[in-house]
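# Overview (structure and organization)
Residues per chain, in single letters:
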Amino acid sequence: MAGRIIANLIVVGSGVLVRAFAQAYRQALQNASKNGVAREAVENMKKVGKTMSESEARQILGVSENASWEEILKKYDSLFENNAKNGSFYLQSKVFRAKECLESAVKKDGE
Amino acid sequence: MTRREAALILGLRESATPDKVKEAHRKVMVANHPDAGGSDYLASKVNEAKDVMLGKTKGSNSAF
């Protein structure tokens, strides 16, 4: 009699446990994927928010570390125009952002 | 580089056909050719974009 009750309890109990495990595993997977994507997204936003690193801006415009502002402007003008004619809007805006970033960097050094 | 970014770089939709990809790649390379005043960095990005769109290389790490 008691044995039957105990057996019932064990069956029901293990059923509950198994279901809980399955749900937790599923949730953990979801979290992991969300975290992965979310982490990448946050890192990207931080990078973009920091007005593009100066070295990347220099690479985009093809300009050296100690290039003069006129040189930077010249590369910017030709790249901007070429991409407006034949390139994509995305590249054009990257070129623009690069110039913007270097502008603030160079102005800061100049002062 | 994600497929989305590659499509943006080439000015295409993500569902563009390989023909359109090659055509857009040629056009955008003209604008960014290193021998013609473009920058090496942008030219390599354009090439990478073409590879990603054509499915040759799985997207690599650093976003643009």
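Note that the structure is predicted; figures quoted are calculated from it, not measured. (Residues numbered from 1 in each chain as written. Chains lettered and ligands numbered in written order. Predicted model: local features only at pLDDT ≥ 70, side-chain atom pairs only at ≥ 80, totals over all residues. Heavy atoms only, no water.)

## Details of the interface of chain A and chain B
Accessible area lost when the parts come together is the quantity often used to give the size of an interface. Listed by partner, the interface residues are 19 residues for chain A and 18 residues for chain B. Approximately 1,500 Å² of surface area, both sides summed, lies buried where chain A meets chain B, with 60% of it carried by carbon and sulfur atoms. It is Asn86(A), Tyr90(A) and Leu91(A) in chain A that bury the most area against chain B; as a group they hold 37% of the surface buried on that side. Linking chain A to chain B there are 6 residue pairs in polar contact (both at pLDDT 80 or more). Residue assignment for the side of chain A that touches chain B shows that the elements contributing at least two residues are helix H1 (2-49), helix H2 (54-61), helix H3 (69-86) and helix H4 (89-110) of chain A. Take the side of chain A that touches chain B: its biggest share by element is 6 residues, from H3(A). Among the residues forming the side of chain A that touches chain B, the class breakdown is 6 nonpolar, 9 polar and 4 charged. (Contact = heavy atoms within 4.5 Å. Buried area = accessible area lost by both parts, 1.4 Å probe. Polar contact = N/O pair within 3.5 Å; in protein donor to acceptor, adjacent residues only side chain to side chain. Helix = DSSP H or I, 4+ residues; strand = E, 2+ residues; numbered from the N terminus. Nonpolar A, V, L, I, M, F, W, Y, C, P; charged D, E, K, R; others polar.)

## Some points on the packing of helix H2 (residues 18-32) of chain B against helix H3 (residues 40-53) of chain B
Residue and element names in this part refer to chain B. Where H2 meets H3, the axes come as close as 10 Å, and the angle between the chain directions of the two elements is 175°. In terms of axis orientation, H2 runs roughly antiparallel to H3. Facing H2, whose interface residues are Val21, His25, Val28, Met29 and Asn32, H3 presents Leu42, Ala43, Val46, Asn47, Lys50 and Met53. Residues that form the contact of H2 with H3 fall into these classes: 7 nonpolar, 3 polar and 1 charged. (Axes fitted to C-alpha atoms, helices over the stretch in contact; angles between N-to-C directions. Parallel < 35°, antiparallel > 145°, perpendicular 65-115°, else oblique.)

## Notes on the nonpolar core
Nonpolar side chains in soluble globular proteins tend to end up buried together. Ile60(A), Leu61(A), Val95(A), Ile9(B), Leu10(B), Val46(B) and Met53(B) are the most contacted members of the largest nonpolar core, which has 32 residues in total. Only H2, H3 and H4 of chain A together with helix H1 (3-10), H2 and H3 of chain B provide two or more residues apiece to this core. The greatest single-element share of this core, amounting to 7 residues, is contributed by H3(B). With residues near it in sequence (within four places) discarded, Val95(A) still touches Ile60(A), Leu61(A), Tyr76(A), Leu79(A), Phe80(A), Asn83(A) and Leu42(B). (Core = buried A, V, L, I, M, F, W, Y, C linked by side-chain atoms within 4.5 Å. Buried < 20%, exposed > 50% of the residue type's maximum accessible area, 1.4 Å probe, protein only.)

## Comments concerning the UniProt feature "signal peptide" (unreviewed entry) in chain A
As recorded in UniProt, the sites labelled "signal peptide" (unreviewed entry) are residues 1-22 of chain A. Measuring from the first to the last C-alpha atom of residues 1-22 of chain A gives 32 Å, for a span that is 95% helix and 0% strand. (UniProt positions renumbered as here; feature names shortened; annotations may be inferred.)

## Focus: H2(A)
When we look at burial in H2(A), the residues that qualify are Glu56(A), Ala57(A), Arg58(A), Ile60(A) and Leu61(A). Just beyond H2(A), the residue with positive phi is Gly62(A), at close to 65°.

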